[in-house]
Amino acid sequence: GIQVEQSPPDLILQEGANSTLRCNFSDSVNNLQWFHQNPWGQLINLFYIPSGTKQNGRLSATTVATERYSLLYISSSQTTDSGVYFCAVRTGANNLFFGTGTRLTVIP
Amino acid sequence: DTEVTQTPKHLVMGMTNKKSLKCEQHMGHRAMYWYKQKAKKPPELMFVYSYEKLSINESVPSRFSPECPNSSLLNLHLHALQPEDSALYLCASSQESVGNTIYFGEGSWLTVV
């Protein structure tokens, strides 16, 4: 099956710092989503981004499908950004496979 | 309204109990999903229903039994579970085609004692 690897696995930032999270996938995909999982377990949609670049406030994402990677940028990080960030990819109509995750801790 | 509702939020059950997890969405989505997430691991796909029919079963043990009574509801029936089945169970839904976002509920935390 498809392999989805994220890096780094853990990241500690000072509040206000910027960061880049990476997602590599081993096969062609027709959908890619980024999620933030909060400490209570809820998966919050950040981006649906099979290709190209999108921005939403302090967050932006870029997917280069031909090179099989996606990047999530977090600028001016806040303590509320802490949690686990997952990318997830689809290879068919009705599946979604998650990456290994990046655990982000933002310290004041 | 992009909401998937799961109940209960927390469930503790014995190994001989029978219980059910419930999931509801009113977005008109025709694909619904169950995922299982163990601590410090990514969610893993268990089942997918498409137009109320089971389309994907990721080799899940029969002690987990999914049911889709109608296009808005998805249940997961639990029977004779083991302590290692303790996990966060996540329900999700999406439109039934490739280029659509999948939305998740808040999850049900299950502890098997």
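Up top you'll find the structure we're talking about.
Residues numbered from 1 in each chain as written. Chains lettered and ligands numbered in written order. Predicted model: local features only at pLDDT ≥ 70, side-chain atom pairs only at ≥ 80, totals over all residues. Heavy atoms only, no water.

> Would you mind going over the sheet that holds strand β3 (residues 19-25) of chain A with me for this structure?
Sheets are built from strands paired through backbone hydrogen bonds, the pairs being either parallel or antiparallel. All names here are of chain A. Pairing within the open sheet is antiparallel, and its five strands lie in the order β1-β3-β8-β7-β6. The outermost strands of the open sheet, each flanked by one partner alone, are β1 (4-7) and β6 (52-56). Taken pair by pair, the neighbouring strands of this sheet meet at an average axis angle of 15°, ignoring direction. With four bridges connecting them, β1 and β3 associate as antiparallel partners. (Pairing = 2+ DSSP bridges. Helix = DSSP H or I, 4+ residues; strand = E, 2+ residues; numbered from the N terminus. Axes fitted to C-alpha atoms, helices over the stretch in contact; angles between N-to-C directions.)

> Sorry, what's going on with the interface of chain B and chain A here?
The parts lose accessible area when they come together, and the size of an interface is often stated as this lost area. The interface is formed by 28 residues belonging to chain B together with 23 residues belonging to chain A. Between chain B and chain A, the buried area comes to about 1800 Å², and carbon and sulfur atoms account for 54% of it. The interface formed by chain B and chain A holds zero salt bridges in total. Counting across the interface, chain B meets chain A through six residue pairs in polar contact (both at pLDDT 80 or more). Those elements giving two or more residues to the side of chain B that touches chain A turn out to be β4 (31-37), β5 (44-50), β9 (87-94) and β10 (103-104) of chain B. No other element matches the four residues that β4(B) contributes to the side of chain B that touches chain A. Of the residues contributing to the side of chain B that touches chain A, the split by class is 15 nonpolar, eight polar and five charged. (Contact = heavy atoms within 4.5 Å. Buried area = accessible area lost by both parts, 1.4 Å probe. Salt bridge = Lys/Arg side-chain N within 4 Å of Asp/Glu carboxyl O. Polar contact = N/O pair within 3.5 Å; in protein donor to acceptor, adjacent residues only side chain to side chain. Nonpolar A, V, L, I, M, F, W, Y, C, P; charged D, E, K, R; others polar.)

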